[in-house]
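Now for the letters of each chain:
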Amino acid sequence: MARAFPDSLRTTSLVLALVPLLIAGQADAQYVFDDLPRLLPGRTISENALWIENPLHRQFREAKQVVVAEVDGPGIITMIHFALPQRMVAKPEEYRLGRELTLRIFWDGEESPSVLCPLVDFFCDPAGEREKLETALVNKKRGWNAYFPMPFRRSVRVELVYEGPVPPGQELWELMPCYSYVIVRQGIPIPADWGYFHAAWRQALVNMGKEDFVALEATGQGKFIGWNVTIRLPGRPGYPVDENAKFFVDGQEVATVELQGIEDAFGFSWGFPSEENTFLLTGFFPFQKEGAAAYRFFLGDAISFERSLRVTIGFGEREDPMFRRQFGKPGNELELSATVYWYQREPHAALPELPPAEKRKPTHFSWKEREQLPTPAELERSGVKLHFRCGRPEQELIYAQPGYSATILRGFSYIGWPFPMFHTRADQQEIQLAIKLPPGRSGILRLFMIDPDRFQGGRHQEILVNDKSVAQVKDFEDGRQLEIPVDASLTQNGQILLRIVNLNPASNAVISVVEWVEPAP
């Protein structure tokens with residue numbers, strides 16, 4: 001009968017039990033713990049680098065490329081550790097190591113690395129933003145640690161390559177990890193059916209209406225054992241979670257494994273949670289404020305392939321076509337990054353070249369750079385006295401002539417939709433907006449509402465002006481504009497109460513733009 005793990009077991013102890021699971025597919029963790037007393041061949045050694053006790057050629061004082069470990073085989077790497085840079089400890093508010101430093105690992109004298117990715121992303125620490133992370137195979141707190149078992153037969157070389165502007169010397173030494181060690185069990189025979197460890201990183205701005213994000217393209221025999229992924233809609237909060245994780249094995253045109261909904265692919269549902277959750281095998285945390293980062297390790301359910309494996313993220317063939325339409329529009333490109341971990345026989349297909357260090361950073365621009373607002377002159381010429389953008393960040397009232405204003409009485413702001421209309425006010429029961437204007441005015445109440453995500457089957461809502469029903473709206477996925485005449489009898493007290501009432505109990509009511517127009521006589 002299996003026993004529960006004692007509370008005192010830390011991640012490192014658990015990983016010792018998981019090593020055979022990764023390589024040999026052993027799923028009986030209790031057997032592995034019972035096997036710990038067994039005396040094994042070989043000798044454990046360490047390779048040290050980067051700290052001042054080590055030779056200069058193993059520090060960043062003389063070069064931007066440093067070999068941190070070089071060991072003859074056969075053997076197996078059991079742990080890799082990098083300490084935080086001195087500058088990060090001394091001035092944490094000023095400096096953080098990012099993607100300018102890459103990790104490269106070469107097996108058996110190969111010319112093309114089997115591991116090629118930014119150091120921080122290798123440790124499920126995308127762009128180096130995490131302070132703490134604890135998973136079964138990597139963790140971070142004042143240092144980065146990895147426990148992937150990495151067997152080799154003839155040799156291994158582990159390198160760090162800095163690709164930023166600082167020249168070798170004291171300053172660069174302070175910016176780089178200040179100490180490293182690689183633990184190797186040397187002199188043990190490597191079974192013929194053990195693969196070599198591989199890891200690669202990619203990042204791209206993707207038009208999801210036309211293409212999927214490609215996380216991995218591998219050829220040969222192997223198995224996929226995990227990844228970490230980020231997803232963002234650059235420039236504003238919110239991102240769709242309706243993309244699927246797709247695994248195409250051995251050239252198949254239909255995904256062998258397809259996990260529907262990106263959050264479900266990492267063990268969550270109904271979107272990622274508002275707070276971070278970092279478990280041993282799956283986890284999520286906010287990334288770059290408006291995005292998400294997630295990881296998952298496939299230990300008991302590694303995805304095997306005999307000839308090739310292609311891993312992508314994109315909308316499913318049977319997903320609502322609305323998603324491709326909305327996220328295929330210019331300005332709605334999603335930025336994704338992924339570090340993928342797998343084992344395979346050599347030779348491997350060349351890993352994708354990393355872009356220049358500056359281009360590895362998350363893409364940044366403001367929604368203001370892409371927003372297209374009418375000018376005051378344009379509004380005045382068309383008779384608009386009030387222009388109100390519901391839910392727009394920072395400022396909703398865009399234009400108002402003296403004596404005109406608008407106030408939201410009920411309804412929350414949401415800004416996660418695709419451009420051009422990425423903001424709205426919403427409420428499960430009804431939205432209320434009070435419009436102030438000079439008493440006795442007549443005009444046109446112009447409303448724009450859009451239902452781009454067709455939440456819970458699509459929105460259905462009723463429009464009321466001063467409690468008088470004037471319209472019902474449904475099926476407005478591509479947007480609907482209403483022009484509602486309002487005579488002077490409804491404005492005698494100098495105010496209009498606009499209500500948007502939800503008629504679909506499973507959904508909510510929304511409205512994006514409200515204008516008051518007084519056509520020229």
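Now for a look at the structure at hand. Residue numbering note: each chain is counted from 1, following its sequence as written. The model is predicted, so local features are restricted to residues of pLDDT at least 70 and side-chain atom pairs to those at 80 or more, both for listing and for counting; the totals for chains, interfaces and linings are taken over all residues. Hydrogens are left out, water is left out, and the side-chain values use all remaining heavy atoms of the structure.

**A few points about unusual backbone geometry**
Note on backbone geometry: most residues besides glycine have negative phi, and most peptide bonds are trans.
Here's step 1: A cis amide bond links G73 to the next residue, P74, at an omega of 0°.
Here's step 2: Secondary structure counts use DSSP, requiring at least four H or I residues in a row for a helix and at least two E residues in a row for a strand, with both numbered from the N terminus. Locating P74 in the fold gives a position in the loop between β2 (65–72) and β3 (75–83).
Here's step 3: Cis geometry is found at the peptide bond from E346 to P347, where omega equals 5°.
Here's step 4: Looking at where P347 falls in the secondary structure, it is placed in the loop between β22 (334–344) and α8 (376–381).
Here's step 5: Within the chain, D250 stands out as a residue other than glycine whose phi angle is a positive 55°.

**A few points about the pattern of salt bridges**
Here's step 1: A carboxyl oxygen of Asp or Glu within 4 Å of a side-chain nitrogen of Lys or Arg is what we treat as a salt bridge. Summed over all chains, the structure comprises 31 salt bridges.
Here's step 2: Between R459 and D453 there is a salt bridge; the shortest N-O distance is 2.7 Å.
Here's step 3: Assessed through its relative accessible area of 26%, D453 is described here as partly exposed.
Here's step 4: One network of salt bridges, with partners in common, ties together D320, R325, R454 and E477. Three labels apply to residues, based on accessible area from a 1.4 Å probe with only protein chains included: buried if under 20% of the type maximum, exposed if over 50%, partly exposed otherwise in between.

**Structural notes on the nonpolar core**
When a protein is soluble and globular, its nonpolar side chains tend to lie buried together.
Here's step 1: Ranked by size, the top nonpolar core spans 101 residues in total, and within it F122, F148 and W227 carry the most contacts.
Here's step 2: Residue contributions to this core peak at seven residues, all from β22.
Here's step 3: Buried Ala, Val, Leu, Ile, Met, Phe, Trp, Tyr and Cys residues form a nonpolar core when they are joined through side-chain atoms within 4.5 Å. Judged by nonpolar contacts, the second largest core, of 33 residues, contains W417, A426, M449 and A509.

**Thoughts on the side chain of E263**
Here's step 1: Along the chain, E263 falls in helix α6 (residues 262–265).
Here's step 2: His is not counted, nor are the chain ends; Lys and Arg add positive charge and Asp and Glu add negative charge. Buried within the structure, E263 lacks any salt-bridge partner; its nearest side chain of opposite charge belongs to R296, at an N-O separation of 12 Å.
Here's step 3: Throughout this description, a polar contact denotes any pair of N or O atoms lying within 3.5 Å of each other; where both atoms belong to protein, one of them has to be capable of donating a hydrogen while the other can accept it, and for residues adjacent in sequence the pair is counted only when both atoms sit in side chains. There is a polar contact of 2.8 Å between the side chain of E263 and the backbone nitrogen of G271.
Here's step 4: Contact definition: two residues touch when any of their heavy atoms are within 4.5 Å. The contacts of E263, once residues within four sequence positions are left out, are V241, F268, S269, W270, G271 and F272.

**Quick word on the pairing of strand β23 (residues 384–389)**
Put simply, side chains in a regular strand alternate between the two faces of the sheet.
Here's step 1: The buried fraction of β23 is high, at six of six residues.
Here's step 2: A pair of strands counts as paired when DSSP detects no fewer than two bridges linking them. The sheet contact formed by β23 and strand β35 (residues 513–517) spans five bridges and is antiparallel. Bridge pairing in β35 links R389 to V513.
Here's step 3: Of the pairings in the sheet, the one linking β23 to strand β24 (residues 397–400) comprises three bridges and is antiparallel in character. Pairing of H387 across the sheet is with Y399, part of β24.

**Regarding the sheet that holds β35**
Here's step 1: What the five strands build is an open sheet, ordered β24-β23-β35-β29-β32; its pairing is antiparallel. Of all strands in the sheet, those bounded by a partner on one side alone are β24 and β32 (480–486). This sheet shows a mean twist of 10° between the axes of neighbouring strands, independent of strand direction. Here the axes come from fitting lines to C-alpha atoms, over the contacting stretch only for helices, and the angles between their N-to-C directions go from 0 to 180 degrees.

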